[in-house]
Amino acid sequence: MKMATRIDVGGGVNEKRIDAPVDYVVYQRPLVDGSFAVMVLNKGLTNLTVDLAVENIGNHIVSRYTMFDIWEGQMIP
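Description of the structure in this document. Counting restarts for each chain: residues are numbered from 1 in the order of the written sequence. Two thresholds apply to this predicted model, a pLDDT of at least 70 for residue-level local features and 80 or more for giving and counting side-chain atom pairs, whereas whole-chain, interface and lining totals are computed over all residues. Only heavy atoms go into the side-chain values, all of them from the structure, while hydrogens and water stay out.

**Structural notes on the overall build of the protein chain**
Inclusion rule: In this description a helix means any DSSP run of H or I spanning at least four residues, a strand means any run of E spanning at least two, and both kinds are numbered starting from the N terminus. Any two residues having at least one pair of non-hydrogen atoms within 4.5 Å are treated as being in contact. Where accessible areas are quoted, they stem from the Shrake-Rupley method and a 1.4 Å probe; at the residue level, only the protein chains shown are allowed to cover.
In terms of helices and strands, the protein chain carries zero helices and six strands. Within the protein chain, contacts between residues separated by at least 24 positions form 20% of all contacts whose residues are at least 6 apart in sequence. As displayed, the protein chain has an accessible area near 6,700 Å², and 54% of this comes from carbon and sulfur atoms.

Shown next as structure tokens:
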């Protein structure tokens, strides 16, 4: 099992500075069936909108995807 990899930090792709202000973090992790999971973590105290282009996630060709809001416990249309 592989660990998740950080792929985006507060809007700066692969930003390595840990002292930079961070609104959100995006992680990616491969799954056993060859697909992968992506997590967007809002590190702030207020709602946040993040534009995430699925075609820019790693070196994957994305033909379909589903999104699930873990806090609301429901699929996102």
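Having seen the structure, we can now continue with the description.
**Some thoughts on the pairing of strand β4 (residues 36–42)**
What counts, and what does not: Note on pairing: two strands pair once DSSP finds at least 2 bridges between them.
Direction of pairing for strand β3 (residues 24–30) relative to β4: antiparallel, over a ladder of seven bridges. Pairing of glutamine 28 across the sheet is with valine 38, part of β4. Hairpin connection of β3 to β4: five residues between the antiparallel strands, including glycine 34 at a positive phi of 95 degrees.

**Observations regarding a nonpolar patch on the surface**
In plain terms, the rule: Residues with no salt bridge and a relative accessible area higher than 30% make up the patches, which join like charges within 9 Å and nonpolar side chains (Val, Leu, Ile, Met, Phe, Trp, Tyr) within 5 Å. Salt bridges, as used here, are contacts in which a Lys or Arg side-chain nitrogen is within 4 Å of a carboxyl oxygen on Asp or Glu. Residue exposure (1.4 Å probe, protein chains only): buried if accessible area is under 20% of the type maximum, exposed if over 50%, otherwise partly exposed.
There is a patch of nonpolar side chains on the surface, built from Phe68, Ile70, Trp71 and Met75 and spanning about 560 Å² of accessible area. With respect to the secondary-structure elements, phenylalanine 68 resides in strand β5 (residues 67–69). What makes phenylalanine 68 partly exposed here is its relative accessible area of 48%.

Such coordinate-based values are descriptive only and should not be taken to indicate function.
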